[in-house]
Amino acid sequence: MKRLQDKVCLVTGAASNPGLGYATALLFAQEGARLVITDIDEAGLAKCAAEITEAGGEVVYWKQDVTSEAEWQHTMSEIERRFGRLDALVNNAGIAVLKPLEAFTLAEYERQMQVNMTSVFLGSQAGVALMRKVGDGGSIVNMSSTAGLVGVPGVSVYAASKGGVRLFSKTVAMETAAENIRCNTVHPGMIATNMQLLALRDNPEQYEILTNSIPMRSMGKPEDIAQAVLFLASDESAYITGTELVVDGGMTAQ
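Keep in mind the model is a prediction, meaning the values are calculated, not measured. (Residues numbered from 1 in each chain as written. Predicted model: local features only at pLDDT ≥ 70, side-chain atom pairs only at ≥ 80, totals over all residues. Heavy atoms only, no water.)

Colleague: Tell me about the pattern of salt bridges, residues and numbers included.
Modeller: All told, the structure shown has 13 salt bridges when counted by the stated rule. With a shortest N-O distance of 3.1 Å, D136 and R85 are connected by a salt bridge. Of this pair, D136 sits in the loop between α4 (106-134) and β5 (138-143) while R85 is found in the loop between α3 (69-83) and β4 (88-91), placing the two residues 51 residues apart along the sequence. Sharing partners across several salt bridges, the network here consists of E78, R81 and R82. (Salt bridge = Lys/Arg side-chain N within 4 Å of Asp/Glu carboxyl O. Helix = DSSP H or I, 4+ residues; strand = E, 2+ residues; numbered from the N terminus.)

Colleague: Summarise the sheet that holds strand β3 (residues 58-63); cite the residues concerned and give the values.
Modeller: Ordered in space as β3-β2-β1-β4-β5-β6-β7, the 7 strands form an open sheet in which the pairing is parallel. The open sheet has two edge strands with one neighbour each: β3 and β7 (244-247). Pairwise comparison of adjacent strand axes, ignoring direction, gives a mean angle of 15° for this sheet. Here 6 bridges tie strand β2 (residues 34-39) to β3, and the two strands are oriented parallel to one another. Across the sheet, residue R34 finds its bridge partner in β3, namely E58. Contacts between helix α5 (residues 156-176) and the sheet are confined to β5, β6 (181-188) and β7, with β6 contributing the most and set at about 160° to the helix. The strands that helix α8 (residues 222-233) touches are β4, β5, β6 and β7; relative to β6, the one it contacts most, it runs at about 165°. (Pairing = 2+ DSSP bridges. Axes fitted to C-alpha atoms, helices over the stretch in contact; angles between N-to-C directions. Contact = heavy atoms within 4.5 Å.)

Colleague: Outline the packing of aromatic side chains, supporting the account with residue identities and numerical values.
Modeller: Each aromatic ring pair is described using two quantities: the centre-to-centre distance and the angle formed by the ring planes. All chains considered together, the criterion is met by 1 aromatic pair. Both rings, one in F121 and one in F168, keep their centres 6.3 Å apart while their planes meet at 75°; by these two values the pair is edge-to-face. Here F121, found in helix α4, pairs with F168, found in helix α5; they are 47 residues apart in sequence, far enough to count as distant. The partly exposed category is assigned to F121, whose relative accessible area is 36%. (Phe/Tyr/Trp six-rings, centres within 6.5 Å; stacked < 30°, edge-to-face > 60°. Buried < 20%, exposed > 50% of the residue type's maximum accessible area, 1.4 Å probe, protein only.)

Colleague: Can you tell me about the pairing of β6, naming the residues and giving the values?
Modeller: Along β6, 8 of the 8 residues are buried, which leaves the element largely enclosed by surrounding structure. Side chains of β6 alternate between two faces, with I181, C183, T185 and H187 and R182, N184, V186 and P188 buried alike. Where β5 and β6 come together, 6 bridges link them in parallel fashion. Across the sheet, the residue bridging to G138 is I181, located in β6. Two strands pair when backbone bridges link them, and β6 and β7 are joined in this way by 4 bridges, in the parallel orientation.

Colleague: Explain the side chain of S161 to me, using residue names and the numbers behind them.
Modeller: Relative to the assigned elements, S161 resides in helix α5. The contact partners of S161, leaving out residues within four places of it in the chain, are Q112, M113, N116 and M117.

Colleague: Help me get a handle on the nonpolar core, residues and values and all.
Modeller: If you look at the biggest cluster of nonpolar residues, it comprises 34 residues, and the most contacted ones within it are F28, L35, I37, I52, V186 and V229. Every element with two or more residues in this core is listed here: β1 (8-12), α1 (20-30), β2, α2 (42-54), β4, β5 and α8. Looking at this core element by element, the count peaks at 8 residues for α1. When sequence neighbours within four positions are dropped, the list of residues in contact with V229 reads T24, F28, V90, V141, M143 and V186. Counting residues in hydrophobic clusters, the runner-up holds 22 residues, among them V8, L86, A126 and L130. (Core = buried A, V, L, I, M, F, W, Y, C linked by side-chain atoms within 4.5 Å.)

Colleague: Any details on the packing of α1 against α8? Residues and values, ideally.
Modeller: For the pair α1 and α8, interaxial distance at closest approach is 8 Å and the crossing angle is 55°. One element, α1, and the other, α8, form an angle in the oblique class. The way α1 lies across α8 gives a crossing that is right-handed. In this structure, α1 uses L20, A23, T24, L27 and F28 to contact α8, whose residues at the interface are P222, E223, I225, A226, Q227, V229, L230 and A233. A class-by-class count of the residues in the contact of α1 with α8 yields 10 nonpolar, 2 polar and 1 charged. (Parallel < 35°, antiparallel > 145°, perpendicular 65-115°, else oblique. Left-handed = near helix turned anticlockwise from the far one by under 90°. Nonpolar A, V, L, I, M, F, W, Y, C, P; charged D, E, K, R; others polar.)

Colleague: If you had to explain α1 to someone new, which residues and values would you point to?
Modeller: For α1, a buried count of 10 out of 11 residues is recorded, marking the element as mostly surrounded by other parts of the structure. For α1, the complete set of buried residues consists of L20, G21, Y22, A23, T24, A25, L26, L27, F28 and A29. Where α1 ends, the next residue or the one after it, G32, has phi of about 90°, a positive value.

Colleague: Break down the environment of T185 for me, with residues and values.
Modeller: Considering the arrangement of structural elements, one finds T185 in strand β6. Look at T185 and you get buried, because its relative accessible area is 1%. In this structure, the C-alpha to C-alpha distance between T185 and T105, residues 80 residues apart in sequence, is 28 Å. When sequence neighbours within four positions are dropped, the list of residues in contact with T185 reads N142, S144, V165, R166, S169, L232, T243, E244 and L245.

Purely spatial values, then, with no claim about function.
What follows is the structure in structure tokens.
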């Protein structure tokens, strides 16, 4: 039996390749999930869906702005109409605007908080509502960051959003534990995604410095994060809720 056999799973932010959502979607499909993927990038979604379908997986997709309450309601209504249930929700969509505190504008702050934190609130609220309606429990995995655990220069707003995701998720876990709805966070370190590679392209001199700061001396792969998300979404973590899973090559152990 595959680890997500016949479970209905939603992964947001699944269009970017290499990316955490893309890798998670592919792995979920391999593990037997009945998969829904969303993003604002329809072309990227189509590529992800095609790769899943070609490998024999089951997937549907549509465009979703995760900062919109109306679009979350539409997504959950469609999932209920098509599948009648939701077993796992991965709130993965996010952005990173990296600059010193004094360089941020209020608009940049608000946008980053909307995409990284408000979307997790909206998604978790909508996901819990459907899971409660069905009554069979479920798993919510919210993507945070090592920047949500320790101070990192130049990421103040990103850190605020990801730290918010961490504590928000713990409270959701406490409110839903008796209903067998679990809520946990994953905290990636330096992972070779499009987001990270773009930052390194803009600051090539930082690449060696950053890599050398990782005890394992290399950046992680999106698949490393996908495996952590899979564990938390599957029944293998049935007694785990309200906690964080750090995947960072030892960075925060220093």
